Amino acid sequence: MENYLGSKACTCGREHDIAIDDVVVGKGVLARLPEFAAKYGAKKPFILADCNTFKAAGEQVAAILDRHGIAHGQYVFPSEHLEPDEQAVGSAVMHFDTSCDLIIGVGSGVINDIGKILSSVTGRKYIIVGTAPSMDGYASATSSMSMDGLKVSLPSRCADVIIGDIDILKNAPEHMLKAGLGDMLAKYVSIAEWRIAHLITGEYYCERVAQLIRAALKKCVDNADGLLKRDEAAVQAVFEGLVIGGVAMAYAGVSRPASGVEHYFSHVWDMRGLEFGTRVDLHGIQCAMATQKAVELYEAVKQMKPDKEKAFAAVAAFDLEEWNTELRTFLGNSGETMIAQEQKERKYDKSTHPARFEIIANNWQTILAILNEELPAAEKLGNVMDAIGISRDLNDLGVDRECARMTFKATKDIRDKYVLSRLAWDLGVLDELCERL
Ligand SMILES: [Zn+2]
Ligand SMILES: [Zn+2]
């Protein structure tokens, strides 16, 4: 694996830097834990796990520390389904042994998110021992949490060391392996949209960071057939890819390299789950299913040409108040947050549309070229989905056609980020694309 850590001056004009000291991935690398404890001068690490991850790797972590005569404290969340919320963070803080001088998180998404917060509030160094290659938060400096009943991305901190022991990761639950690859598949869309947004809105883009993602994604897809057989190369490719996804976001300073409209589909479903108790699945599974839909929609876009009359008529007919009412009904409290954001972001300011439309129309061939370069054919992507057993049918997620259409429309409003649904709004083809869902 290319050494991608450390500060590097880049042709994009920035110096890419990340606060991670080390990423160790491979068979048996958990044995290096005492080496890192020593490096940080830790006398008594604190192990944070839940009952599943403790069995998967926490017992081994404790045994390794014991063997090396290193004392340790620990807290194992008793619940089977840990929610990353106030209760969980409070519980971790209250059970923290203040005589401990290093935190070792053992788990994947939720434990890592809580571990990063615990590390941040206690000021202790933080090592994450991954138990599943299931999401790309390993290297990120934020925690994906439920706070006040809303999904938020809370600033926390990066792990100092990420340990991905393939002997542990390959035994992760099958659904989590699938989700990890699913989160990687999303990167096809993320990179395409990043380039398109760069072209249309002039936002920052770095080719080197994009290339980091492309290479990692290719490795995952090349090895995809082996994933469900728990083939070590396949598991390693996914774990490394997910770590690189996080590193790339840190390098870019934005989520662009790893998340696009497909992630917003998933966010919408998570919001609805919190608000209305509708079904949710793992982040990566939802992202993969939405990636398939996004790629299909982009294929429809490729058949289109910017039509000024149609675009201007659609924008003129757009009624923000009406749309806000639809958002409120569809998303409840999260909808309110998005409506409040629009006051600042003014994404729907009609006076800015003509200039954007000009750029789109003048660069249509370039946009098509980007789509052709970055996106796989929908059928080819579908074959990868089939190979790893992720459904292409949103109904299997409890999302019917009506909900899929509203979801797509709501992806415009999640953040001020130029994604497919925003392009469709600018082109006046939002409803047309919804027909395809
Ligand atoms: Zn760069
Ligand atoms: Zn993701």
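Residues numbered from 1 in each chain as written. Chains lettered and ligands numbered in written order. Predicted model: local features only at pLDDT ≥ 70, side-chain atom pairs only at ≥ 80, totals over all residues.

J.: Where do I start with the domain arrangement of the protein chain in this structure?
T.: The extent of an interface is frequently quoted as the accessible surface area lost upon association of the parts. By the assigned domains, the protein chain splits into domain 1 (17-171) and domain 2 (261-390 + 397-434). Using C-alpha coordinates to define each centre, domain 1 is positioned 35 Å away from domain 2. Each partner contributes residues to the interface: domain 1 has 6 residues there, and domain 2 has 10 residues. Here the residues of the side of domain 1 that touches domain 2 sort into 2 nonpolar, 3 polar and 1 charged. (Domains from an automatic or database assignment. Contact = placed C-beta atoms within 7 Å. Nonpolar A, V, L, I, M, F, W, Y, C, P; charged D, E, K, R; others polar.)

J.: Would you take a moment to explain unusual backbone geometry for this structure?
T.: Glycine aside, residues mostly have negative phi, and peptide bonds are mostly found in the trans state. Even without a glycine there, the phi angle at arginine 230 is positive, about 60 degrees. Tracing the backbone shows arginine 230 in the loop between α8 (207-222) and α9 (232-252). Phi at arginine 346 is positive, roughly 50 degrees, even though this residue is not glycine. Structurally, the position occupied by arginine 346 is in the loop between α14 (333-345) and α15 (353-362). Taking the C-beta count within 10 Å as the criterion, arginine 346 has 12 such neighbours and is therefore assigned exposed. (Helix = DSSP H or I, 4+ residues; strand = E, 2+ residues; numbered from the N terminus. Buried ≥ 20, exposed ≤ 12 C-beta atoms within 10 Å, placed from the backbone.)

J.: Whenever I open this one, the pairing of strand β8 (residues 142-147) confuses me. Can you help?
T.: Consecutive side chains along a regular strand alternate between the two faces of the sheet. As judged from the 6 bridges shared by β8 and strand β9 (residues 150-155), these two strands associate in the antiparallel manner. By the bridge assignment for β9, methionine 145 is matched with valine 152. In this structure, the hairpin formed by β8 and β9 is closed by a connection of 2 residues, where aspartate 148 is found at a positive phi of approximately 50 degrees. (Pairing = 2+ DSSP bridges.)

J.: It is not clear to me how the packing of helix α7 (residues 187-201) against α8 should be interpreted in this structure. Could you clarify?
T.: The relative placement of two packed helices is expressed as an angle between their axes plus a distance between the axes. Contact geometry of α7 with α8 gives a least axis separation of 10 Å together with a crossing angle of 160 degrees. Accordingly, the angle class assigned to the pair α7 and α8 is roughly antiparallel. For the crossing formed where α7 meets α8, the hand is left-handed. Residues Lys187, Tyr188, Ile191 and Trp194 of α7 form the contact with α8, whose participating residues are Ala210, Ile213, Arg214 and Leu217. Partitioned by chemical class, the residues of the contact of α7 with α8 number 6 nonpolar, no polar and 2 charged. (Axes fitted to C-alpha atoms, helices over the stretch in contact; angles between N-to-C directions. Parallel < 35°, antiparallel > 145°, perpendicular 65-115°, else oblique. Left-handed = near helix turned anticlockwise from the far one by under 90°.)

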